[in-house]
There are 2 protein chains.
Amino acid sequence: MRGAGLKPVKVGICGLGTVGGGTFNVLKRNAEEIARRAGRKIIVEEIGARRINPDCDTKGTQMTSDVLEVARNPEIDVVVELIGGYDVAKELVLTAIEHGKHVVTANKALIAVHGNEIFEAAQKKNVMVAFEASVAGGIPIIKAIREGLSANKINWLAGIINGTGNFIMTEMRDKGRDFDDVLKEAQELGYAEADPTFDVEGIDAAHKLTILASLAFGMPLQFEKAFTEGISKITRDDVQYAEELGYRIKHLGITRRAENGVELRVHPTLIPETALIANVNGVMNAVLVDGDAVGQTMYYGPGAGAEPTASAVVADIVDVVRTLTADRDNRVPHLAFQPSELSDAAILPVEQTESAYYLRMNAEEKPGVLAKITSILGEQGINIEAIIQKETSEDQVPVIILTQSVLEQKLNDAIAQIEALAEIGGSVTRIRVEHFDS
Amino acid sequence: MRGAGLKPVKVGICGLGTVGGGTFNVLKRNAEEIARRAGRKIIVEEIGARRINPDCDTKGTQMTSDVLEVARNPEIDVVVELIGGYDVAKELVLTAIEHGKHVVTANKALIAVHGNEIFEAAQKKNVMVAFEASVAGGIPIIKAIREGLSANKINWLAGIINGTGNFIMTEMRDKGRDFDDVLKEAQELGYAEADPTFDVEGIDAAHKLTILASLAFGMPLQFEKAFTEGISKITRDDVQYAEELGYRIKHLGITRRAENGVELRVHPTLIPETALIANVNGVMNAVLVDGDAVGQTMYYGPGAGAEPTASAVVADIVDVVRTLTADRDNRVPHLAFQPSELSDAAILPVEQTESAYYLRMNAEEKPGVLAKITSILGEQGINIEAIIQKETSEDQVPVIILTQSVLEQKLNDAIAQIEALAEIGGSVTRIRVEHFDS
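Throughout this description, residue numbers start from 1 for each chain and increase along the sequence as written. Written order decides the labels, with chains lettered from A and ligands numbered from 1. Local features in this predicted model are restricted to residues of pLDDT 70 or higher, and side-chain atom pairs are both shown and tallied only at a pLDDT of 80 or more, whereas totals for entire chains, interfaces and linings draw on every residue. Side-chain metrics rest on all non-hydrogen atoms present in the structure, leaving aside hydrogens and water.

Keep this limit in mind: UniProt positions are given in the numbering used here, feature names are shortened, and annotations may be inferred rather than shown by experiment.
An unreviewed UniProt entry lists chain A under the name Homoserine dehydrogenase, with Neptuniibacter caesariensis as the source organism. Here is the UniProt Catalytic activity (unreviewed entry) comment for chain A, exactly as written: "L-homoserine + NAD(+) = L-aspartate 4-semialdehyde + NADH + H(+)". Its UniProt record gives chain A the following Sequence similarities (unreviewed entry) comment, quoted word for word: "Belongs to the homoserine dehydrogenase family."

### Quick notes on the overall build of chain A
Quick reminder of the rule: Only runs of H or I of at least four residues qualify as helices and only runs of E of at least two qualify as strands under DSSP, and these elements are numbered from the N terminus. Only protein chains enter the area calculation, which uses a 1.4 Å probe; residues under 20% of their type maximum are buried, those over 50% are exposed, and those in between are partly exposed. Contact criterion: two residues are considered in contact whenever any of their non-hydrogen atoms come within 4.5 Å of each other. Accessible surface is estimated by sampling points in the Shrake-Rupley manner with a 1.4 Å probe; for residues, cover comes only from the protein chains shown. His residues and chain termini do not enter the charge count, which takes Lys and Arg as positive and Asp and Glu as negative. Here the site of a charge means NZ on Lys, CZ on Arg, CG on Asp, or CD on Glu.
Across its full length, chain A carries 14 helices and 17 strands. The principal-axis extent of the C-alpha atoms belonging to chain A is close to 85 × 45 × 35 Å. In chain A, which comprises 438 residues, the share counted as buried stands at 62%. Expressed as a percentage of contacts within chain A between residues at least 6 apart in sequence, the contacts between residues at least 24 apart total 73%. Carbon and sulfur atoms make up 46% of the accessible area of chain A, which amounts to about 16,100 Å² in all. Of the side chains in chain A, 44 bear a positive and 63 a negative charge, and the two mean positions are spaced by 8 Å.

### What to know about the interface of chain B and chain A
Note the threshold: The term buried area denotes the loss of accessible surface (1.4 Å probe radius) that occurs when two parts are joined, taken as the sum for both partners. Salt-bridge detection follows one rule: a side-chain nitrogen of Lys or Arg within 4 Å of a carboxyl oxygen of Asp or Glu. Think of a polar contact as two N or O atoms within 3.5 Å of one another; within protein, one of them needs to be a possible hydrogen donor and the other a possible acceptor, and neighboring residues in sequence only count if both atoms come from side chains. Lys, Arg, Asp and Glu make up the charged group, whereas Ala, Val, Leu, Ile, Met, Phe, Trp, Tyr, Cys and Pro make up the nonpolar group; the residues left over, Gly among them, are polar. Two strands are counted as paired when DSSP detects at least two bridges linking them.
On the chain A side, the residues contacting the 70 residues of chain B number 70 residues. Here chain B packs against chain A, burying approximately 5,800 Å² in sum over the two surfaces, 49% of which is carbon and sulfur. Remark: the boundary between chain B and chain A carries eight salt bridges. Taking the shortest distance from any N to any O, the salt bridge between D292 of chain B and R29 of chain A comes out at 3.0 Å. Linking chain B to chain A there are 34 residue pairs in polar contact (both at pLDDT 80 or more). Counting residues per element, the ones that place at least two in the side of chain B that touches chain A are α1 (18-29), α2 (31-38), α6 (141-148), α10 (203-217), β12 (295-302) and α12 (306-322) of chain B. Looking at the side of chain B that touches chain A, the element that brings in the most residues is α12 of chain B, giving nine residues. Its residues assigned to classes, the side of chain B that touches chain A comprises 34 nonpolar, 18 polar and 18 charged. Note that strand β12 (residues 295-302) of chain A and β12 of chain B share three bridges and pair antiparallel. Bridging across to β12 of chain B, M298 of chain A finds its partner in Y300 of chain B.

### Quick look at the relation of the copies chain B and chain A
Both copies of the chain are tied together by a single rotation about an axis and a shift running along it. Rule in force here: Only residues with pLDDT of at least 70 in both copies count here: their C-alpha atoms drive the least-squares fit that superposes the copies.
For the pair chain B and chain A, the best superposition has an RMSD of 0.0 Å and corresponds to a rotation of 180° with a translation of 0.0 Å parallel to the axis. Overall, the copies show the geometry of a two-fold rotation axis. No C-alpha of chain B lies nearer the rotation axis than that of Y299 of chain B, which sits 2.4 Å from it. A share of 100% of the interface residues of chain B reappears at the interface of chain A, consistent with the copies meeting face to face through the same patch.

### Quick word on the sheet that holds strand β2 (residues 42-48) of chain A
Pairing between the strands of a sheet comes from backbone hydrogen bonds, and it takes one of two forms, parallel or antiparallel. Judged by pairing direction, the sheet is parallel, and its six strands sit side by side in the order β3-β2-β1-β4-β5-β6 (chain A) without closing on themselves. Bordering the open sheet on either side are β3 (62-64) and β6 (129-130) of chain A, each of which pairs with just one other strand.

### Regarding the nonpolar core
The line we're drawing: Working definition of a nonpolar core: buried Ala, Val, Leu, Ile, Met, Phe, Trp, Tyr and Cys residues. They are joined through side-chain atoms within 4.5 Å.
If you look at the biggest cluster of nonpolar residues, it comprises 112 residues, and the most contacted ones within it are I141 of chain A together with I141 of chain B. Residues contacting I141 of chain A, with those up to four places away along its chain left out, are E132, V135, A136, L212, V287, V289 and Y299 of chain A.

### Focus on the packing of helix α7 (residues 163-175) of chain A against helix α8 (residues 179-189) of chain A
Residues and elements named next belong to chain A. Convention followed: Note on geometry: axes are C-alpha line fits, over the in-contact stretch for helices, and angles between N-to-C directions span 0 to 180 degrees. Each angle gets one of four labels, with under 35 degrees taken as roughly parallel, over 145 as roughly antiparallel, 65 to 115 as roughly perpendicular, and the rest as oblique. Handedness of a crossing is defined here by the sense of rotation of the near helix relative to the far one, left-handed for an anticlockwise turn of less than a right angle and right-handed for a clockwise turn.
Running from N to C, α7 and α8 point in directions that differ by 130°, and their axes come no closer than 9 Å. It follows from the interaxial angle that α7 and α8 lie oblique. Seen along the crossing, α7 lies across α8 with a hand that is right-handed. Contact residues: F167, I168, E171 and M172 in α7; F179, V182, L183, E185, A186 and L189 in α8. Taken together, the residues of the contact of α7 with α8 sort by class into eight nonpolar, no polar and two charged.

### Some details on the packing of aromatic side chains
Within a pair of aromatic rings, the relevant descriptors are the distance that separates the centres and the angle that separates the planes. To keep things clear, this is the line we draw: Only Phe, Tyr and Trp rings take part, Trp by its six-membered ring, and two of them pair if their centres are within 6.5 Å. Stacked means planes under 30 degrees apart, edge-to-face means over 60, and tilted covers everything else.
Counted under the stated rule, the structure contains seven aromatic pairs over all chains. Judged by centre distance (6.4 Å) and plane angle (70°), the ring pair of Y299 of chain A and Y299 of chain B falls under edge-to-face. Of this pair, Y299 of chain A sits in strand β12 while Y299 of chain B sits in strand β12, placing the two residues on different chains. Here Y299 of chain A matches Y299 of chain B in class, with each residue buried. Between F167 of chain B and Y191 of chain B the ring centres are 4.9 Å apart and the planes differ by 75°, which places this aromatic pair in the edge-to-face class. Note that F167 of chain B is positioned in helix α7 (residues 163-175) and Y191 of chain B in the loop between α8 (179-189) and α9 (197-200), a separation of 24 residues in sequence.

### Concerning the UniProt feature "binding site: L-homoserine" (unreviewed entry) in chain A
Residues and elements named next belong to chain A. The feature "binding site: L-homoserine" (unreviewed entry), as annotated in UniProt, sits at E193 in this numbering. Mapped onto the elements, E193 comes out in the loop between α8 and α9 (197-200). Look past the residues within four positions of E193 in its chain and what remains in contact with it is Q187 and D199.

### What about the UniProt feature "binding site: NADP(+)" (unreviewed entry) in chain A?
Residue and element names in this part refer to chain A. Here the UniProt-annotated "binding site: NADP(+)" (unreviewed entry) positions come out as C14, G15, L16, G17, T18, V19, G20 and G21. Its location among the elements puts G20 in helix α1 (residues 18-29). Ignoring any residue separated from it by four or fewer positions in sequence, one finds G20 in contact with I13, G15 and L82. Checked against the element boundaries, G21 lands in helix α1. A residue is classified by how much of its surface remains accessible, and G21, at 3% relative accessible area, is buried. Sequence-distant contacts of G21, that is, excluding residues within four places in its chain, are made with L16, N53 and C56.

### Describing the pattern of salt bridges
Enumeration according to the criterion identifies 64 salt bridges over all chains in this entry. Here R36 of chain A ties to E341 of chain B by a salt bridge, and the two come within 4.0 Å at their closest N and O atoms. Taken together, the residues R36 of chain A in helix α2 (residues 31-38) and E341 of chain B in the loop between α12 and β13 (354-364) connect one chain to another. The residues R36 of chain A and E341 of chain B share a single accessibility class, namely buried. In this structure, E147 of chain A and K143 of chain A form a salt bridge, with 3.4 Å as the shortest nitrogen-oxygen distance. Of the two residues, E147 of chain A and K143 of chain A are both situated in helix α6 (residues 141-148); the distance of four residues between them amounts to about one turn of the helix. Of the two residues examined, E147 of chain A and K143 of chain A, each falls in the buried class. If you follow the salt bridges from partner to partner, you end up with K143, E147 and D319 of chain A together with K143, E147 and D319 of chain B in one network.

### What to know about the domain arrangement of chain A
All names here are of chain A. To keep it simple, the criterion reads: Domain segmentation is taken from an automatic or database assignment of domains.
Splitting chain A by domain gives domain 1 (9-138 + 307-341), domain 2 (141-301) and domain 3 (354-433). Between domain 2 and domain 3, the C-alpha centre-to-centre distance is 25 Å. The partner domain 3 presents 15 residues to the 18 residues of domain 2 that form the contact. Surface buried jointly by domain 2 and domain 3 totals about 1,300 Å² across both partners, of which 62% is contributed by carbon and sulfur atoms. For the domain 2 face of the interface with domain 3, the top three residues by lost area are Y241, L245 and L270, together amounting to 42%. Across the domain 2-domain 3 interface, the total number found is three salt bridges. Measuring nitrogen to oxygen at the nearest pair gives 2.8 Å for the salt bridge that ties E244 to K390. Mapped onto the side of domain 2 that touches domain 3, the elements with two or more residues apiece are α11 (236-244), β9 (247-258) and β10 (261-272). Of all the elements, β10 adds the most residues to the side of domain 2 that touches domain 3, at six residues. Looking at the side of domain 2 that touches domain 3 residue by residue, the classes come out as nine nonpolar, three polar and six charged.

### Focus: the environment of A186 of chain B
Residues and elements named next belong to chain B. As for its placement among the helices and strands, A186 is situated in helix α8. For A186, a relative accessible area of 0% puts it in the buried group. Taking the C-alpha atoms as reference, A186 lies 24 Å from E273; in sequence the two are 87 residues apart. When sequence neighbours within four positions are dropped, the list of residues in contact with A186 reads F167, Y191 and A192.

### A word on unusual backbone geometry
Located in the positive-phi region is A136 of chain A, a residue other than glycine, with phi close to 60°. Secondary-structure assignment places A136 of chain A in the loop between β6 and α6. Among the residues examined, A136 of chain A registers a relative accessible area of 0% and is labelled buried. Within the chain, F436 of chain B stands out as a residue other than glycine whose phi angle is a positive 55°. By the element assignment, F436 of chain B lies in the segment after β17 (424-433).

Pasting the structure below:
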């Protein structure tokens, strides 16, 4: 083969859990096909892992329990970090860079929180850090934004980027089940962790969204400024009312270029049921991107799992191999824009973002209550799109209101006033609404 | 800016029609954002076009009516071929390559038919030929397959890759309209050409499918072996019966790695209405790809139009700029696999492909007819999934049969026998069915 004259590339895999095992197996099973693409053989030179993985036949591969040994191994060209977490992973990646090795990682938390520092170190040592697997598993969304859409001024993007959350929202809708009930099943199926906070409270999605936002808008990673709201408070009733109004509720990460800054927010969102992304179900992920030239494109696929994630890890390895001896000017910059060209766009506090809203409240069923509510909204300049008042046998009836787009601060003020009404029981539930018209 | 020290890249645009005009405008409007990504300024040095485009302010840009002059201009680094067609486009591209220039083209017909020759010439002169815009307009599907999925043995892919056809199929379903009626509207709207053959008979889709198949399976372009069947014979009734059975009809390009070769076929196809790709409507395109590691991923967006296509053209220019001074070993090969590593997989004649089928026939309404039909199918080993017999006031009633997957040759034999029955009037309509289960 062409490239047969080129030396094989030697890879060190650190972490041999779900994704590490998948990566090892894919590299082995598809070795020939991958070499035909990459122009060189790719060899797993060493594995750094505390435990063996029963799904992997690692016979003949050098093993160590010390991942830092892999980062320092002079034989190795590319270090693949798949141990997860922050501290050791960061030390591993920085050690590998320090030793002049290219790095591939699937660690969204590491990149979202420490990416700026890591990319700076990589830039200095003239090595690549590739992280396609860190967002939306097997979907090549980072490549799409960084390279495929490079002609565009990107206006916004919105993604279903946590499979656990989407599984829960899908089950709640399809089967009319309660959040807690579905969460328990997700835990039993292995979709959700014993401590589900990371998934259901939107932290995992915020890590991924932070990365996508930086790629889209060319700005440093700013995870600490992301707004996150989870799905644990969504009730079966909300799902049902949304359905009646022609919407589905999805847990979305949304980032948008606004006039005075960038919106960066993860929250449950009503989407029109006719939108393609509203029909992305189960554990699947999808990211919808709006660019000024291309308009809307969407990328769909499995967001997790051993081999889907390995698919992205190995694609990164092939990318690295394909530009292994290129100089810096011939490489794609880590965050899509040249390092010196990152903008200092401010991330907007959520009160300064605009959105339409679904509001649900319990109101006494007597004349004049609806008028009071709508007049409070009117005073804040909030236009109403639709109102549903449900019949019940209770003293209080649920009132559902869909508003048009409004500054969140104005909605907050209106909600405070509505909650202060004697005729309103308890607090007002609010869920943001997006139409993705443009 | 970093890269400010690097010389600007000079581009020559040939053809200033819809896509050429869009490319000129996007390069101009987003010049700053694009330079921040590419690390260099990109300058349109010269335009080769017979006519000016009223949507473009080309003041200050050198113009020529001779596109070959652009291909020979020593100042130019990248020639962008947007004139379309075969002869002049081929001469232009080969002349540009001969003069050591990189080429970007949106010309699917040129690549599908003359790509092998063009890539060989480019390889010899060590220049790149990029053609993202040739398939599915603004969707970065070529990059996804070539780079994003490089870890995978790709099993199959299926795409809605002709917007005109999808617009027609969508209107027929949504509004119960006839093919001819919608086609006329599509022509009035400018979605379809005066001579719609290229679009509705599947030739345009076959050009694109040929390119995708080569990228997926690593084989030379073999457009002449593609099977094409158009949508002009699909009736309103077929759309309606499909709907009753839970399916939608889409005009798909499908390529699949089979045991003894590669399937390469464009034809109307019934898809379960719950499949995401069945919900891709209007002029939008989508490509569903099945890889052994990642599973199924889908790529969705506008398949045509000035700026969506320009988005892909400009992304290609940025790709070329990003690896402008790289040597051959540090570039992505044209057809995803290294040139010496292309396989000689045979394209299967359509009779040797397998598919499930929707059959519609007119049968006399008398006892025993259905038994005769099903026994013919049974003799060919064709299992039946569903049968609908419609009531009408006519002597003959429509019978609709869904079969399980079968070798096309066996179905052909069965249909010949069914058509020979005295109780069957006219010919049997057949439409392939795909479930995309794996």
